[in-house]
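# Notes for the structure review
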Amino acid sequence: MNYIDPHIHMVSRTTDDYKRMALAGCELVSEPAFWAGFDRSGPEGFRDYFRQLTRVEATRAGLYGIAHKTWLCINAKEAEDVGLAREVIKLIPEFLDAPDVLGIGEIGLNKNTKNEATVFVEHLDLAARTDELVLVHTPHLADKYPGTRMILDMIRGDRRIKAERVCIDHVEEHTIRPALEAGHWVGMTLYPITKCTPARAADMVEAYGTERILVNSAGDWGHSDPLAVPEFIFEMRRRGHDEATVRKIVYENPLAFFAGCRRFSYTPRGQVV
Ligand SMILES: [Zn+2]
């Protein structure tokens with residue numbers, strides 16, 4: 001089954017990963033801007049990173065027949081430095097006309113600090129002013145539930161942001177319901193250990209249905225699996241779910257969410273143009 005991975009950090013993966021993903025049926029990936037594993041020394045480091053995301057990575061993906069889309073922001077971890085974050089936010093508009101940009105993301109919280117919240121709200125303001133989609137990272141482990149509540153409140157606090165134009169990512173059993181009830185899309189991240197396994201994701205689909213639900217690998221430079229979405233497909237089939245149900249989650253849903261971006265255009269493979 002062909003699939004889309006709506007959250008994966010390909011700049012930190014090898015070409016072998018692209019090849020294995022292509023062999024497994026990956027057609028399209030979307031890559032949010034994130035923490036590189038080290039703090040950049042200044043805003044120019046982000047300018048180079050945004051150039052890599054908007055101008056370079058799509059060519060590398062294209063060598064394996066995979067379409068590449070991207071999101072721009074300063075991640076929550078480096079956003080603790082509000083001065084740096086404001087300089088980076090100022091840079092973003094010059095990249096927003098690039099054809100493969102889907103919106104602002106992955107913004108969010110890391111340790112749920114006041115500075116992170118300040119920068120989150122300023123990113124929301126940029127998204128509202130430029131009418132962009134928003135992709136939201138929710139914190140890890142013990143910080144996840146309070147951080148998700150803070151995030152939902154901040155989004156609700158900006159009346160210009162439409163709920164259906166926001167995806168709350170890395171949801172787990174205790175955060176999926178409030179995010180869906182607020183009208184947002186949700187992303188379940190399939191990680192080998194933390195976040196959500198393919199089996200737990202399948203359990204949540206069985207509990208909450210398939211509307212506004214995405215699954216992703218969030219593959220990056222750490223312990224992660226770029227083939228996690230095919231693992232989810234395998235788990236769903238093993239449980240007897242029909243092909244149309246699985247395809248909706250791993251293919252049609254991400255296309256429906258991305259369609260909210262005015263620049264997004266994609267002809268699904270196999271369709272006559
Ligand atoms: Zn990520």
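Residues numbered from 1 in each chain as written. Predicted model: local features only at pLDDT ≥ 70, side-chain atom pairs only at ≥ 80, totals over all residues.

## Here we look at the overall build of the protein
- Helix and strand counts for the protein come out as nine helices and eight strands.
- Rg of the C-alpha trace for the protein: 17 Å, near the compact-globule value of 19 Å for 273 residues, within the 12% margin.
- In terms of overall dimensions, the protein has C-alpha extents of about 50 × 40 × 35 Å along its principal axes.
- Within the span of the protein, comprising 273 residues, buried residues form 44% of the whole.
- Looking at the protein alone, contacts between residues at least 24 apart form 73% of all its contacts between residues at least 6 apart. (Helix = DSSP H or I, 4+ residues; strand = E, 2+ residues; numbered from the N terminus. Rg over C-alpha atoms; globule rule 2.2 N^0.38 Å. Buried ≥ 20, exposed ≤ 12 C-beta atoms within 10 Å, placed from the backbone. Contact = placed C-beta atoms within 7 Å.)

## Examining the nonpolar core
- The biggest cluster of nonpolar side chains holds 73 residues, and the ones touching the most others in it are Leu72, Val134, Cys167, Val186, Val215, Phe232 and Val250.
- Sorting elements by how many residues they give to this core places helix α9 (residues 243-258) first, with six residues.
- Ignoring anything within four residues of it in the chain, the contact list for phenylalanine 232 reads Leu190, Pro198, Ala201, Ala202, Val215 and Val250. (Core = buried A, V, L, I, M, F, W, Y, C linked by C-beta atoms within 7 Å.)

## A few points about the packing of helix α3 (residues 82-91) against helix α4 (residues 114-130)
- Between α3 and α4, whose axes approach to 10 Å, the crossing angle comes to 15 degrees. Taken together, the axes of α3 and α4 lie roughly parallel to each other. Seen from above, α3 lies across α4 with right-handed handedness. Here Val82, Ala85 and Ile89 of α3 come into contact with α4, specifically with Asn115, Thr118, Val119, Glu122, His123 and Leu126. (Axes fitted to C-alpha atoms, helices over the stretch in contact; angles between N-to-C directions. Parallel < 35°, antiparallel > 145°, perpendicular 65-115°, else oblique. Left-handed = near helix turned anticlockwise from the far one by under 90°.)

## Focus: the sheet that holds strand β7 (residues 185-189)
- Taken together, the eight strands give an open sheet; going across it, the order is β1-β2-β3-β4-β5-β6-β7-β8, and neighbouring strands pair in parallel fashion. In this open sheet, the two edge strands, each paired with only one partner strand, are β1 (3-5) and β8 (213-216). Across this sheet, the average inter-strand angle for adjacent strands is 25 degrees, counted without regard to direction.
- Pairing analysis gives three bridges linking strand β3 (residues 67-72) to strand β4 (residues 101-108), with the strands arranged parallel. Pairing of threonine 70 across the sheet is with valine 101, part of β4.
- Contacting β1 and β8, helix α8 (residues 228-238) runs over the sheet at an angle of about 135 degrees to β1. (Pairing = 2+ DSSP bridges.)

## Focus: the pairing of β7
- Taken across its five residues, β7 has five buried, putting it largely inside the fold.
- Both faces of β7 are covered, namely the face carrying Trp185, Gly187 and Thr189 and the face carrying Val186 and Met188.
- Regarding topology, helix α6 (residues 176-181) serves as the crossover connection from strand β6 (residues 166-168) to the parallel β7, and that connection is right-handed.
- Examined bridge by bridge, β7 and β8 share four bridges and lie parallel to one another. The residue bridging threonine 189 from the neighbouring strand is asparagine 216, located in β8. (Right-handed = clockwise from strand over helix to strand, strands pointing away.)

## Structural notes on the environment of serine 217
- Mapped onto the secondary structure, serine 217 falls in the loop between β8 and α8.
- Taking the C-beta count within 10 Å as the criterion, serine 217 has 27 such neighbours and is therefore assigned buried.
- Expressed as a C-alpha distance, the spacing of serine 217 and leucine 227, which sit ten residues apart in the sequence, is 7.1 Å.
- Ignoring anything within four residues of it in the chain, the contact list for serine 217 reads Asp5, Ile8, Leu190, Ser224, Asp225, Pro226, Ala228 and Val229.

## Re helix α7 (residues 198-208)
- Among all positions of α7, only Pro198, Ala201, Ala202 and Val205 are buried. One face of α7 carries all of its buried residues, which in axial projection span an arc of 100 degrees. Among the exposed residues of α7, those pointing more than 90 degrees away from its buried face are Glu206 and Ala207.
- Buried positions along α7 lie against β7, β8, α8 and α9.
- A positive phi of about 85 degrees marks glycine 209, the residue just after α7. (Arc of directions from axis to C-beta.)

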